[in-house]
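Letter by letter, the chains look like this.
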Amino acid sequence: MRPANEALIVIDVQNDFCPGGALAVPDGDAIVPRINALLDEFQTRVFTQDWHPADHASFAANHEGRNPHEVIDMPYGPQILWPVHCVQDTPGAAFHPDLDVAKADHTVRKGFRPEIDSYSAFFENDHETPTGLDDHLSAKGIDKLTLVGLATDFCVLYSALDAVRLGYGVTVLEGACRGIDLNGSLEDARATMLDATIVLEP
């Protein structure tokens, strides 16, 4: 068992991010057995869940004439437009059925504000609106995090960077993550995390 000051953060292991889903990450479901095995090592286990309303501003379908993966300017900066995914209370937003959800101590739902996207487990994409995760972890005296989940180059990356910015020691288990790799984004994400003193382990 890891010390009480360490937590496991399981990022967005949801049906829409797994094969067959609306925004499938290649091989995304392959990480589920390893994540389940890790859960018993940690005293604190937090799951995050994309939880979008159907009219979310990040969906290409909500912008006439726009296609998925185009980039538009939002008040908080550039925004990639995505296929409709992880809509609240739909099967696509549910956790992967093989994930041992019963072992989650806390669940963070993010991206539920229609006007702003949310990659990070800690902040919406304005980098200011908190999800409440930092308060939850701080109250438990946690200062070291291990991150796993989907996708390496988006939600895992943003969560890891915010965690470092908030003062946590951060390890990303690459073997328990999978990436989208949009135009080389996976290698860029790895370089960015290493530059931020995030530990990358197999």
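Report on the accompanying structure. (Residues numbered from 1 in each chain as written. Predicted model: local features only at pLDDT ≥ 70, side-chain atom pairs only at ≥ 80, totals over all residues. Heavy atoms only, no water.)

Some details on the pattern of salt bridges
No. 1: Tallying each qualifying case throughout the model produces 14 salt bridges.
No. 2: A salt bridge links Asp40 to Lys103, with the shortest nitrogen-to-oxygen separation between them at 3.1 Å. Of this pair, Asp40 sits in the loop between helix 1 (32–39) and strand 2 (44–50) while Lys103 sits in the loop between strand 4 (77–80) and strand 5 (106–110), and the two are 63 residues apart along the sequence.
No. 3: In this structure, Lys110 engages Asp50 in a salt bridge whose closest nitrogen and oxygen atoms are separated by 2.9 Å. Here Lys110, found in strand 5, pairs with Asp50, found in strand 2; they are 60 residues apart in sequence, far enough to count as distant.
No. 4: Taking the relative accessible area as the measure of exposure, Asp50 reaches 3% and is therefore buried.
No. 5: A cluster of three or more residues bridged by salt bridges with shared partners is formed by Arg2, Glu6, Glu41 and Lys144. (Salt bridge = Lys/Arg side-chain N within 4 Å of Asp/Glu carboxyl O. Helix = DSSP H or I, 4+ residues; strand = E, 2+ residues; numbered from the N terminus. Buried < 20%, exposed > 50% of the residue type's maximum accessible area, 1.4 Å probe, protein only.)

As for the side chain of His56
No. 1: Locating His56 in the fold gives a position in the loop between strand 2 and strand 3 (71–74).
No. 2: Within polar-contact distance, the side chain of His56 engages the side chain of Ser58 at 2.9 Å.
No. 3: Not counting the four nearest positions on each side in its chain, His56 is found in contact with Asn62, Gly111, Arg113, Pro114, Ile116 and Asp117. (Polar contact = N/O pair within 3.5 Å; in protein donor to acceptor, adjacent residues only side chain to side chain. Contact = heavy atoms within 4.5 Å.)

Some remarks on the packing of aromatic side chains
No. 1: Applying the stated criterion to the full structure yields 6 aromatic pairs.
No. 2: Ring plane angle 80° and centroid distance 5.7 Å describe the contact between Phe47 and Phe95, whose orientation is recorded as edge-to-face. Residue Phe47 is found in strand 2, and its partner Phe95 is found in the loop between strand 4 and strand 5; the two are separated by 48 residues along the sequence.
No. 3: Arranged with centres 5.2 Å apart and planes meeting at 90°, the rings of Trp82 and Phe154 form a pair that is edge-to-face. Separated by 72 residues along the polypeptide, Trp82 in the loop between strand 4 and strand 5 and Phe154 in helix 3 (residues 152–165) bring together distant segments of the chain. As far as burial versus exposure is concerned, Trp82 and Phe154 are alike and both buried.
No. 4: Above the plane of the ring of Trp51 lies Arg109, whose end atom (NZ or CZ) is 3.6 Å from the centre.
No. 5: Directly above the aromatic system of Phe123 lies the positively charged group of Arg165, at a separation of 5.1 Å from the ring centroid. (Phe/Tyr/Trp six-rings, centres within 6.5 Å; stacked < 30°, edge-to-face > 60°. Lys NZ or Arg CZ within 6 Å of the ring centre and 35° of its normal.)

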